Amino acid sequence: MAWVLLVVAGLLEVGWSVGMKFTEGFTRLWPSVFTGAGIVVSMLLLSYAARTLPIGTAYGVWVGIGAAGAAVVGMVVLGEPATAARMFFICLLLVAVVGLKATSGH
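Residues numbered from 1 in each chain as written. Predicted model: local features only at pLDDT ≥ 70, side-chain atom pairs only at ≥ 80, totals over all residues. Heavy atoms only, no water.

Naming follows an unreviewed UniProt entry, where the protein chain appears as QacE family quaternary ammonium compound efflux SMR transporter of Streptomyces lydicus. Regarding the protein chain, the UniProt comment filed under Subcellular location (unreviewed entry) reads as follows: "Cell membrane". As stated in UniProt under Sequence similarities (unreviewed entry), the record for the protein chain gives "Belongs to the drug/metabolite transporter (DMT) superfamily. Small multidrug resistance (SMR) (TC 2.A.7.1) family." (UniProt positions renumbered as here; feature names shortened; annotations may be inferred.)

Here you go:
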């Protein structure tokens, strides 16, 4: 169950990190509310997952999902450049996430 919570927390991190772009420095009400709620729920789920998972693994996976997901959303939805180098490094992030899961012992 901790892994499910951690993946959901990572996906919420993607949502709130991309959502920050739409808050315009937290000057727009509803994007700011949704972004803030995403931050809180994502951190709560991370903290629940970290009760049973090693914190280094939990945090690394959370950040990896968030960073890779935000980069992909940026390229697919927001029109950011999708270069071969960016795709390579996103793949490296995902390999690191899988490696942390595989070596966590849980």
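A. How the structure looks around the packing of aromatic side chains. Counted by the stated rule, this structure contains three aromatic pairs. Centroid distance tryptophan 30 to phenylalanine 34: 6.2 Å. Interplanar angle 40 degrees. Geometry classified as tilted. Within this pair, tryptophan 30 and its partner phenylalanine 34 are both found in helix α2 (residues 29–49), separated by four residues, close to a single helical turn. Taken as a pair, tryptophan 30 and phenylalanine 34 share a single burial class, namely exposed. Measuring from centroid to centroid gives 5.1 Å for phenylalanine 88 and phenylalanine 89, while their planes differ by 75 degrees, and the two rings are edge-to-face. (Phe/Tyr/Trp six-rings, centres within 6.5 Å; stacked < 30°, edge-to-face > 60°. Helix = DSSP H or I, 4+ residues; strand = E, 2+ residues; numbered from the N terminus. Buried < 20%, exposed > 50% of the residue type's maximum accessible area, 1.4 Å probe, protein only.)

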